Amino acid sequence: MSDALELLSTRRSAKPNELAGPAPSAAEIDRLLTVASRVPDHGKLTPWRFILFEGDARHTAGDAIAAAFRAKYPDAKPEQVEAERQRLARAPLVVAVVSRAAPHVKIPEWEQVLSAGAATMNLVLAAHASGFAASWITEWYAYDRAVLDALGLAAHERIAGFVHIGRPSGAPSDRPRPALNEIATRFGG
Ligand SMILES: Cc1cc2nc3c(=O)[nH]c(=O)nc-3n(C[C@H](O)[C@H](O)[C@H](O)COP(=O)(O)O)c2cc1C
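Since we're looking at a predicted model, the values are computed, not measured.

### Looking at the nonpolar core
Then step 1. Counting residues in each nonpolar core, the largest one holds 20 residues, and the members touching the most others are Leu123, Val163 and Ile165.
Then step 2. Elements supplying a minimum of two residues to this core: helix H2 (26-36), strand S2 (93-99), helix H5 (109-129) and strand S4 (158-166).
Then step 3. With residues near it in sequence (within four places) discarded, valine 163 still touches Leu93, Val94, Val95, Val97, Thr120, Leu123, Val124, Ala134 and Ser135.
Then step 4. The next biggest cluster of nonpolar side chains, apart from the first, holds 18 residues, and it includes Phe53, Ala68, Tyr141 and Leu148.

### A short note on unusual backbone geometry
Then step 1. Of the consecutive residues glycine 21 and proline 22, the connecting peptide bond is found in the cis state with omega at -5°.
Then step 2. Along the chain, the position of proline 22 falls in the loop between helix H1 (3-10) and H2.
Then step 3. Its identity is not glycine, yet threonine 46 carries a phi of approximately 45°, on the positive side.
Then step 4. Within the fold, threonine 46 resides in the loop between H2 and strand S1 (48-54).
Then step 5. Judged by its relative accessible area of 35%, threonine 46 falls in the partly exposed class.

### Structural notes on the pattern of salt bridges
Then step 1. Evaluated as defined, the whole model comprises 10 salt bridges.
Then step 2. Across the pair glutamate 157 and arginine 49 runs a salt bridge whose closest N-O atoms are separated by 2.8 Å. Taken as a pair, glutamate 157 in the loop between helix H6 (145-151) and S4 and arginine 49 in strand S1 lie far apart in primary sequence, 108 residues in all.
Then step 3. The salt bridge partner of arginine 85 is glutamate 82, with a shortest N-O separation of 3.4 Å. With a gap of three residues between them, arginine 85 and glutamate 82 both fall in helix H4 (residues 78-85), about one helical turn apart.
Then step 4. A relative accessible area of 25% means that arginine 85 is categorised as partly exposed.
Then step 5. Connected through shared salt-bridge partners, Glu84, Arg87, Arg90 and Glu139 make up one network.

### Brief notes about the pairing of S4
Side-chain direction in a regular strand flips from residue to residue, so the side chains alternate between the two faces of the sheet.
Then step 1. For S4, a buried count of eight out of nine residues is recorded, marking the element as mostly surrounded by other parts of the structure.
Then step 2. When S2 meets S4, the two strands line up antiparallel, connected through seven bridges. Bridge pairing in S4 places valine 94 opposite histidine 164.
Then step 3. Note that strand S3 (residues 133-137) and S4 share five bridges and pair antiparallel.

The rules behind each value
- Per chain, residue numbering runs from 1 following the sequence as it is written.
- In view of the model being predicted, local features appear only for residues whose pLDDT reaches at least 70, and side-chain atom pairs are presented and counted only at 80 or more, with totals across whole chains, interfaces and linings using the full set of residues.
- Hydrogens are left out, water is left out, and the side-chain values use all remaining heavy atoms of the structure.
- Put simply, a nonpolar core is a bunch of buried Ala, Val, Leu, Ile, Met, Phe, Trp, Tyr and Cys residues held in one set by side-chain atoms that sit within 4.5 Å of each other.
- When a residue's accessible area, from a 1.4 Å probe over protein chains only, is under 20% of the maximum for its type it is buried; when over 50% it is exposed; and in between it is partly exposed.
- Numbering of helices and strands starts at the N terminus; helices are DSSP runs of H or I of at least 4 residues and strands are runs of E of at least 2.
- We call two residues in contact when some of their heavy atoms are within 4.5 Å.
- One side-chain nitrogen of Lys or Arg within 4 Å of one carboxyl oxygen of Asp or Glu is enough to make a salt bridge.
- Pairing between two strands is assigned when DSSP locates at least 2 bridges connecting them.

Encoded structure:
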């Protein structure tokens, strides 16, 4: 098997809090984002963008997540609020992939959203191929307007994923995968 097929056949998500430092270097991050940007994109609209969270900025974003959590759950315990503040600080690097899909005269919005998913998956795979592990998650704060405002998302923008990237702490066991005969059919067969 080629190295690429081996990677694709064995990749597993890591848990965000099992992703250790050190974070990817600036050059490694450039490489990851360059690969993430190299995806099919009908109409060449670049209907996605990236926001990087590193170092203290992860806690600044965490303050907004904690504030939104407190607003939703005023009776939350301080330790729960603190856990929310740590959301983006579990891994040394978090990349938010933001879908910029919008109505267009020719290109369906659906196809723009799919391109954002492809960019997110490419980022995950590039991280694994570079010796890191990754976790593609959204969690509640990806859908909270106050958090999205604090992160600078426009009204039409959406979070495709918060990709957590760091050093793997071990090889995770696999999970069951779909049986091909349940998801693949031969037309006319
Ligand atoms: C758009 C999207 C959002 C996701 N959000 C979460 C999430 O918030 N929490 C979670 O535990 N897994 C989430 N997942 C699932 C994980 O990325 C991952 O697929 C899952 O842990 C299974 O691991 P695997 O990638 O090794 O198959 C999400 C997946 C996608 C595609």
